[in-house]
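Listed below are the residues making up each chain.
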Amino acid sequence: MRRQNFIELRLLHAKGLSLHLVFMLIPLLFDVDCDRHGEILSKLAQLVDEGKIQPLLDDRSFSMAEIAAAHRHAESGRAIGKVVLTQSFNL
């Protein structure tokens, strides 16, 4: 997807991927202002720890056995937020 210092983001957007992570990652990949991005990520972690920032999750969740249904739900446009997959572990 990368051509001569050009990052093609339309494919990521079309698949509904989280572009905010891509934008945060690009400067780090090209070693641009890493200290400043470290400060941003530290502040973000603090806000998450304080409960001031929370992810937007869809009301429905799916087990790994229902992964095809989860995919259909995400593609349908009816999902609001991220679709959650759950996995139970028998320890």
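In this text the structure is predicted, and so the values were computed from the model without any measurement.

**Quick look at the overall build of the protein**
Here comes step 1: If you tally the helices and strands in the protein, you get four helices and four strands.
Here comes step 2: Reading the secondary structure of the protein in the N-to-C direction produces β-β-α-α-α-β-α-β.
Here comes step 3: Here the protein holds 91 residues, and the buried ones make up 14% of them.
Here comes step 4: Of the contacts formed within the protein by residues at least 6 apart in sequence, a portion of 25% connects residues at least 24 apart.

**With respect to unusual backbone geometry**
With glycine set apart, most residues show a phi of negative sign, and most peptide bonds adopt trans.
Here comes step 1: For Asp-31, which is not a glycine, the phi torsion comes out positive at approximately 55°.
Here comes step 2: Take Asp-31: it is sitting in the loop between α2 (19–29) and α3 (34–49).
Here comes step 3: For Asp-31, a relative accessible area of 61% corresponds to the exposed category.
Here comes step 4: At Asp-33, a residue that is not glycine, the phi angle is positive and equals roughly 55°.

**Structural notes on a nonpolar patch on the surface**
Here comes step 1: Judged by side-chain polarity, Leu-25, Leu-28, Leu-29, Phe-30, Val-32, Leu-41, Leu-44, Val-48 and Ile-53 come together as a nonpolar surface patch covering roughly 730 Å² of accessible area.
Here comes step 2: Elements supplying a minimum of two residues to the nonpolar patch: α2 and α3.
Here comes step 3: Position of Leu-25 among the secondary structure elements: in helix α2.

**What to know about the pattern of salt bridges**
Here comes step 1: Tallying each qualifying case throughout the model produces two salt bridges.
Here comes step 2: For Lys-52, the salt bridge identified is with Glu-50, shortest N-O distance 3.2 Å.

**Details of the pairing of strand β3 (residues 57–63)**
Here comes step 1: Across four bridges, the pairing between β3 and strand β4 (residues 82–86) is parallel. Within the sheet, the bridge partner assigned to Ser-61 lies in β4 and is Val-84.
Here comes step 2: The parallel pair β3 and β4 is bridged by helix α4 (residues 67–76), and the resulting crossover is right-handed.

**Regarding the side chain of His-73**
Here comes step 1: With respect to the helices and strands, His-73 occurs in helix α4.
Here comes step 2: Since its relative accessible area comes to 6%, His-73 is described here as buried.
Here comes step 3: Beyond its immediate sequence surroundings of up to four residues, His-73 is in contact with Asp-58, Arg-60, Phe-62, Arg-78, Ala-79 and Val-83.

**Brief notes about the environment of His-37**
Here comes step 1: Checked against the element boundaries, His-37 lands in helix α3.
Here comes step 2: Judged by relative accessible area, which is 13%, His-37 ranks as buried.
Here comes step 3: With ten residues separating them in the primary sequence, His-37 and Pro-27 have C-alpha atoms 8.3 Å apart.

Analysis parameters
- Residues numbered from 1 in each chain as written.
- Predicted model: local features only at pLDDT ≥ 70, side-chain atom pairs only at ≥ 80, totals over all residues.
- Heavy atoms only, no water.
- Helix = DSSP H or I, 4+ residues; strand = E, 2+ residues; numbered from the N terminus.
- Buried < 20%, exposed > 50% of the residue type's maximum accessible area, 1.4 Å probe, protein only.
- Contact = heavy atoms within 4.5 Å.
- Patch = residues over 30% accessible without salt bridge, like charges linked within 9 Å, V, L, I, M, F, W, Y side chains within 5 Å.
- Areas by Shrake-Rupley, 256 points an atom, 1.4 Å probe, with all protein chains shown as cover.
- Salt bridge = Lys/Arg side-chain N within 4 Å of Asp/Glu carboxyl O.
- Pairing = 2+ DSSP bridges.
- Right-handed = clockwise from strand over helix to strand, strands pointing away.

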